[in-house]
Amino acid sequence: MAEQWVPIYRSSETYEVQFILNLLKEEEIPAVTVNKQVSMHVHLNEQAAIEVHVRSQDVIRSKFIIEKSNQ
């Protein structure tokens, strides 16, 4: 059975996404990004987002780590 990847975070700012990826990496949680921005049209990128996806079994733990980092 194929792994299910679930979006847990989205931002239009690359540095925010990278921060989340680093947090998850420190906790040994595999994560990938899906970039929905249009690089040719920079003015449209504010509405588009970069998403961070984790495996379905890591969703709860990942969200907890992200929330904890915001405190």
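Throughout what follows, the structure given in this document is the object of discussion.

The rules behind each value
- Residues numbered from 1 in each chain as written.
- Predicted model: local features only at pLDDT ≥ 70, side-chain atom pairs only at ≥ 80, totals over all residues.
- Heavy atoms only, no water.
- Pairing = 2+ DSSP bridges.
- Helix = DSSP H or I, 4+ residues; strand = E, 2+ residues; numbered from the N terminus.
- Axes fitted to C-alpha atoms, helices over the stretch in contact; angles between N-to-C directions.
- Buried < 20%, exposed > 50% of the residue type's maximum accessible area, 1.4 Å probe, protein only.
- Arc of directions from axis to C-beta.
- Contact = heavy atoms within 4.5 Å.
- Salt bridge = Lys/Arg side-chain N within 4 Å of Asp/Glu carboxyl O.

### Thoughts on the sheet that holds strand β3 (residues 50–55)
Point 1. Spatial ordering of the open sheet is given by β1-β3-β2, a layout of three strands whose pairing is antiparallel. At either margin of the open sheet sits one strand with a lone partner, and together these are β1 (5–11) and β2 (31–35). Sheet twist, expressed as the average angle between the axes of neighbouring strands with direction ignored, equals 30°.
Point 2. Relative to β3, β2 is paired through five bridges, and the arrangement is antiparallel.

### Some points on helix α2 (residues 59–69)
Point 1. Where α2 is concerned, the buried positions are Val59, Ser62, Ile65 and Ile66. Taken around the axis of α2, the buried residues stretch over an arc of 130°, which confines them to a single face. Exposed residues lying more than 90 degrees from the buried face of α2 are Ile60, Phe64, Glu67 and Lys68.
Point 2. At its buried positions, α2 is contacted by β1, α1 (14–26) and β3.

### A closer look at the pattern of salt bridges
For side chains bearing opposite charge, pairing can occur when the charged atoms are close.
Point 1. One pass over the structure, following the stated rule, counts four salt bridges.
Point 2. A salt bridge links Glu51 to Arg10, with the shortest nitrogen-to-oxygen separation between them at 2.4 Å. Taken together, the residues Glu51 in strand β3 and Arg10 in strand β1 connect sequence positions 41 residues apart.
Point 3. Since its relative accessible area comes to 5%, Glu51 is described here as buried.
Point 4. Here Arg10 falls in the exposed class, since its relative accessible area comes to 53%.
Point 5. Glu51 is paired through a salt bridge with Lys36; the nearest N and O atoms lie 3.4 Å apart. Of this pair, Glu51 sits in strand β3 while Lys36 sits in the loop between β2 and β3, and the two are 15 residues apart along the sequence.
Point 6. Each of Arg10, Lys36 and Glu51 takes part in a single network of salt bridges with overlapping partners.

None of the figures reported here should be taken as evidence of function without further support.
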